Amino acid sequence: MKRHFETRAIHDGQAPDPATGAVVPPIYQTSTFAQSAPAEHKGYEYARTGNPTRAALETAVASLEEGTYGLAFASGMAAITTVAYLLRPGDHVLLPDDVYGGTYRLFVRVLQRYGIESSYVDMTDLTRVEGALTARTRMVLAETPTNPYLKILDLARIAELAHARDAVVVVDNTFASPYFQRPLLLGTDVVVHSTTKYLGGHSDVVGGVAVTSSKELYETLKFHQNAAGAVPGPFDCWLVLRGLRTLAVRMDVHARNAMRVAEFLRSQHGVSRVFYPGLPDHPGHEIARRQMTGFGGMVSFTLTGGAAAARAVASAVQVFTLAESLGGVESLLDHPASMTHASLAGSPLQVDPGLLRLSVGIEHPDDLVEDMRQALGAAPA
Ligand code: P1T
């Protein structure tokens with residue numbers, strides 16, 4: 001019988017060290033490996049190409065995503081950049097109109113210079129997805145729930161539309177984590193993560209991964225991982241592995257607390273809209289129930305007082321910390337328009353300056369609700 005997620009998170013890729021019996025995978029802090037004769041070695045030659053601590057992480061993450069092959073990178077952006085090496089000048093990539101600001105910046109400010117075109121549509125509308133696919137579209141890069149509006153995209157349907165055009169479907173699964181969503185089982189081709197977020201889980205490491213079940217895609221990505229070299233160090237891999245082991249228990253609490261905070265926010269007069277896929281009136285709720293096993297820990301909201309109120313709340317929080325990033329045990333509050341999504345300023349994807357985004361942590365929910373109550377009190381009506 002196939003082992004359950006919680007068991008795989010603790011054991012896959014993490015068997016006791018054969019050399020010493022160490023229960024936790026050792027940090028192989030070495031840049032090179034001895035060879036017995038030229039090109040004869042124990043599977044490792046140079047640490048950009050491969051390192052046992054990194055291999056442990058790559059195996060574990062592939063297992064959790066129900067994929068065959070995992071690759072680890074120095075950041076989420078390094079993982080996405082390496083996936084973009086699948087493209088050639090003249091190719092077109094389709095992305096959601098709500099996407100992490102850094103991903104937009106990479107495609108528009110960097111890859112466009114190399115002849116890669118990108119366009120952005122509301123992927124909750126499948127007719128728009130279909131209409132935006134062209135003969136040159138080689139990749140669809142979906143993110144769901146999206147960052148920062150938490151839209152839910154129907155991955156199985158998007159994969160069907162993209163595959164009919166022979167485009168590769170890449171899913172950024174950072175917000176859901178593999179505990180709540182496994183895109184490869186929905187027919188998509190590659191999953192990427194910023195492991196900086198839920199997989200690491202403690203806001204103490206920057207990293208990324210890519211997972212696929214296609215041998216061909218894996219071999220191309222592995223070649224580029226080594227050729228371009230944006231690999232993580234062994235200690236960073238070890239930190240992500242340590243985070244992975246508690247992913248299941250953390251995600252359950254993140255989701256439970258997020259639901260409490262979302263329901264509280266919705267009951268407040270000063271709050272105009274709450275975006276959380278767990279709320280039954282969220283437009284993506286039914287798809288989320290089908291394709292996810294939980295709704296995650298991210299909540300966004302707008303205030304009746306607009307941007308001035310948002311800035312006041314952002315400065316008033318005490319348990320939440322005003323900071324970029326997400327997915328750690330501690331609750332964070334982000335003002336996307338001026339922080340994580342500032343690179344969208346002046347673009348058609350610009351974020352409402354009245355929007356606040358919460359990464360709801362695993363503190364006691366009463367303390368999180370009380371903090372929101374007092375911070376909302378600081379907002380001008
Ligand atoms: O920061 P890095 O590890 O390079 O990951 C980039 C990235 C990729 N994909 C998604 C969905 C992300 O949210 C991010 C990083 N996001 C933030 C820092 C943020 O606060 O939204």
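Residues numbered from 1 in each chain as written. Predicted model: local features only at pLDDT ≥ 70, side-chain atom pairs only at ≥ 80, totals over all residues. Heavy atoms only, no water.

Trainee: When you look at the sheet that holds strand β10 (residues 321-322) in this model, what are you seeing that I'm missing?
Mentor: Sheet strands line up and pair through hydrogen bonds in the backbone, either parallel or antiparallel. Read across the sheet, five strands follow the order β8-β9-β12-β11-β10 without closing on themselves; strand pairing throughout is mixed. Each edge of the open sheet carries a strand with a single partner, namely β8 (271-275) and β10. Here five bridges tie strand β9 (residues 298-303) to strand β12 (residues 355-359), and the two strands are oriented antiparallel to one another. Note on β12: the bridge partner recorded for T302 is L355. Set on the sheet, helix α13 (residues 365-377) makes contact with β8, β9, β11 (332-334) and β12; between it and β9 the angle comes to about 20 degrees. (Pairing = 2+ DSSP bridges. Helix = DSSP H or I, 4+ residues; strand = E, 2+ residues; numbered from the N terminus. Contact = heavy atoms within 4.5 Å. Axes fitted to C-alpha atoms, helices over the stretch in contact; angles between N-to-C directions.)

Trainee: Is there a simple way to think about helix α6 (residues 155-163) in this case?
Mentor: Note on helix geometry: an α-helix contains 3.6 residues per turn, so any two residues three or four positions apart are oriented the same way. When we look at burial in α6, the residues that qualify are L155, I158, A159, L161 and A162. The buried residues of α6 occupy an angular sector of 165 degrees when projected down its axis, which confines them to one face. Buried positions along α6 lie against α5 (126-132), β4 (137-143), β5 (168-172) and α11 (285-291). (Buried < 20%, exposed > 50% of the residue type's maximum accessible area, 1.4 Å probe, protein only. Arc of directions from axis to C-beta.)

Trainee: Explain the packing of aromatic side chains to me, please; I cannot follow it from the model alone.
Mentor: Any two aromatic rings considered together are summarised by their centre-to-centre distance and by the angle between their planes. Under the counting rule described, the total for this entry stands at seven aromatic pairs. Three or more aromatic residues link up through ring pairs in this structure, and these residues are F5, Y179 and F180. (Phe/Tyr/Trp six-rings, centres within 6.5 Å; stacked < 30°, edge-to-face > 60°.)

Trainee: Any chance you could explain unusual backbone geometry here in plain terms?
Mentor: Across residues other than glycine, the phi torsion is negative in most instances, and most of the peptide bonds are trans. For the bond running from T144 to P145, omega is -10 degrees, close enough to zero to count as cis. Residues N147 and P148 are joined by a peptide bond in cis, for which omega reads 15 degrees. The topology assignment puts P148 in the loop between β4 and α6. Notably, D166 is not glycine yet its phi reads approximately 60 degrees, a positive angle. Positionally, D166 belongs in the loop between α6 and β5. At S325, a residue that is not glycine, the phi angle is positive and equals roughly 85 degrees.

Trainee: Looking at this structure, how should I read the pattern of salt bridges?
Mentor: With the rule as written, the count across this model stands at twelve salt bridges. In this structure, the salt-bridge partner of E66 is R8, at a minimum N-O distance of 3.3 Å. Placement of E66 in the loop between α2 (52-64) and β1 (69-73) and of R8 in helix α1 (residues 5-11) is noted, with a sequence separation of 58 residues between them. Take R8: its relative accessible area is 8%, and that puts it in the buried class. As a salt-bridge pair, D281 and R266 come within 3.1 Å of each other at their nearest N and O atoms. Residue D281 is located in the loop between β8 and α11, and its partner R266 is located in helix α10 (residues 247-266); the two are separated by 15 residues in the primary sequence. Given a relative accessible area of 56%, D281 falls into the exposed group. Each of K2, R8 and E66 takes part in salt bridges that share partners, so that together they form one network. (Salt bridge = Lys/Arg side-chain N within 4 Å of Asp/Glu carboxyl O.)

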